[in-house]
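# Structural description and commentary
Below, each chain spelled out in residue letters.
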Amino acid sequence: MNWRASRFSLSLERPLVMGVLNVTPDSFSDGGLWLEPQAAIDHARQMVVDGAAIIDVGGESTRPGAATVDEEEELRRVIPVVEALASDPGVPISIDTRKPAVARRALEAGAVIVNDTNGEATDGLMTDVIVGMGAGVILMHSRGTPDTMRGLNQYGDIVADVCRFLLSWAQRLESSGVPSEAIVLDPGFGFAKSSEQNLELLERLDEVVSLGYPVLAGTSRKSFIGAVLDLPEDDRLEGTAATVAWAVSEGANILRVHDVKEMGRVVKMAAAIAAAANKEKAVQ
């Protein structure tokens, strides 16, 4: 299985690590650390050295309760970083945004993937950008906005509802001209979901995988880990490792993480165990 993103074709034979680069003052665990462009660029390049296969650049926090950033400010934050990183050969850049205009400008600056965090609020304008630019796309499940999502976690069956949305939106994208091999699904851990719902979604991640598209799991440092361990954002490394290992065992293809070196090792080990288990099943 390959993921096609503009000029890149990324092999998903083994799980890939996506490094998180928040060029924001208020992201939930690393806000302000990489707001200055050169600091962001240096950090991204170190993540690549540490094993990141993709860098995901975001200029607006999507944590619950975060303030909305206007388009001009978001562009000011991300475009210099995207331009610099896109000049590095072999490093696909993803733009994490809810705004079609920001996605378009970032793709023009050299990004090749749109990480569409709109969820159920996404619309045809973002589809037009993805189709027009030949970008790869990550479809994430969410509801509402960062300011309203906390109160929008009522579901019949959390996993069935998330799968229904993701499959429907992927099929609509395909009917609009986006190739199936350009689409990745993200169940949206932490977005309009309670701690218990996040745990259930993780436990049943294989149901999302069974939809037939590559799956991204973004559990890194999320609040449901903090709820289980009673730990702050900067002390959730081991909890994140547990969720990453489980996600790999359930078939996740891309792991979006802050701690690239450490989680890269977890991914490699978990993938080796999963491969051995699959080999044993094949023999039986």
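Reference entry: report on the structure contained in this document. Keep in mind it's a predicted model, so treat the numbers as computed, not measured.

Another aspect to go through is the nonpolar core. Note on soluble globular proteins: their nonpolar side chains tend to be buried together. Counting residues in each nonpolar core, the largest one holds 74 residues, and the members touching the most others are L21, I55, V57, L85, L139, I183 and L255. With 9 residues, the single largest contributor to this core is helix α5 (residues 158–175). When near neighbours in sequence (up to four residues on either side) are disregarded, I55 contacts G19, L21, A44, M47, V48, L85, V91, P92, I93 and S94. If you look at the next biggest cluster of nonpolar residues, it comprises 14 residues, including A5, I113, V184 and L216.

On to the layout of surface pockets. Over the atoms a probe the size of a water molecule is rolled, and this reveals where empty space is left. Estimated volume of the second largest pocket: approximately 400 Å³. Forming the boundary of the second largest pocket are 18 residues, of which E13, P15, V248, A271 and A274 lie nearest the centre. Of all the secondary-structure elements, those providing two or more residues to the lining of the second largest pocket are α9 (237–249) and α10 (260–283).

Quick look at the pairing of strand β6 (residues 113–116) now. Covered by surrounding structure in β6 are I113 and N115 together with V114 and D116, the residues of both alternating faces. Sheet analysis places strand β5 (residues 93–97) next to β6, joined by 4 bridges and oriented parallel. Pairing of D96 across the sheet is with N115, part of β6. Since β5 and β6 lie parallel, the crossover through helix α3 (residues 100–108) that links them has a hand, and here it is right-handed. Pairing analysis gives 4 bridges linking β6 to strand β7 (residues 136–140), with the strands arranged parallel. Pairing of I113 across the sheet is with G136, part of β7.

Direction vectors running N to C along helix α2 (residues 71–86) and α3 enclose 20 degrees, while the axes themselves pass 10 Å from each other. With respect to their mutual orientation, α2 and α3 come out roughly parallel. Crossing of α2 over α3 shows right-handed handedness. In this structure, α2 uses E71, E74, L75, V78, I79 and V82 to contact α3, whose residues at the interface are A101, V102, R105 and A106. For the contact of α2 with α3, the per-class residue count stands at 7 nonpolar, no polar and 3 charged.

This part is about the pattern of salt bridges. As enumerated under the stated definition, the model contains 15 salt bridges in all. Here R204 ties to E207 by a salt bridge, and the two come within 2.7 Å at their closest N and O atoms. Under the relative-accessibility criterion, R204 is labelled buried at 17%. You can call E207 partly exposed: its relative accessible area is 30%. Salt bridges linked by common partners bring E60, E74, R98 and K99 together as one network.

So, on to α2. Owing to its 3.6 residues per turn, the α-helix aligns residues three or four sequence positions apart on the same side. The end-to-end C-alpha distance of α2, which contains 16 residues, comes to 21 Å, matching closely the 22 Å that a straight helix rising 1.5 Å per residue would cover. Of all the bends found along α2, the most pronounced is centred on V78 and spans about 30 degrees, while P80, a proline, follows it within four residues. Buried within α2 are the following residues: E74, L75, R77, V78, I79, V81, V82, A84, L85 and A86. Close packing links the buried residues of α2 with β3 (16–22), α1 (37–50), β4 (54–58), β5 and α3. A side-chain oxygen of the first residue of α2 lies 3.2 Å from the backbone nitrogen of E72; this N-cap is D70.

On strand β10 (residues 254–257), burial covers both faces: I254 and R256 on one face and L255 and V257 on the other are all buried. As paired elements, β3 and β10 share 4 bridges and run parallel to each other. Counted as the bridge partner of M18 is R256 from β10. Two elements, strand β9 (residues 216–217) and β10, share 2 bridges in a ladder whose sense is parallel. When the sheet's bridge partners are listed, L216 is paired in β10 with I254.

This part covers the environment of S194. Secondary-structure assignment places S194 in the loop between β8 (183–186) and α6 (195–203). A C-alpha to C-alpha distance of 8.1 Å links S194 and R150, two positions 44 residues apart in sequence.

Rules and cut-offs
Residues numbered from 1 in each chain as written. Predicted model: local features only at pLDDT ≥ 70, side-chain atom pairs only at ≥ 80, totals over all residues. Heavy atoms only, no water. Core = buried A, V, L, I, M, F, W, Y, C linked by side-chain atoms within 4.5 Å. Buried < 20%, exposed > 50% of the residue type's maximum accessible area, 1.4 Å probe, protein only. Helix = DSSP H or I, 4+ residues; strand = E, 2+ residues; numbered from the N terminus. Contact = heavy atoms within 4.5 Å. 1 Å grid on protein atoms, 1.4 Å probe; cavity = no way out; pocket = protein on both sides within 12 Å on 5 of 7 lines; lining within 4 Å. Points joined across faces, edges and corners; volume = space filled by probe spheres on them. Pairing = 2+ DSSP bridges. Right-handed = clockwise from strand over helix to strand, strands pointing away. Axes fitted to C-alpha atoms, helices over the stretch in contact; angles between N-to-C directions. Parallel < 35°, antiparallel > 145°, perpendicular 65-115°, else oblique. Left-handed = near helix turned anticlockwise from the far one by under 90°. Nonpolar A, V, L, I, M, F, W, Y, C, P; charged D, E, K, R; others polar. Salt bridge = Lys/Arg side-chain N within 4 Å of Asp/Glu carboxyl O. Expected span 1.5 Å × (residues − 1). Bend = angle between axes of the 7 residues up to and from the residue. Polar contact = N/O pair within 3.5 Å; in protein donor to acceptor, adjacent residues only side chain to side chain.

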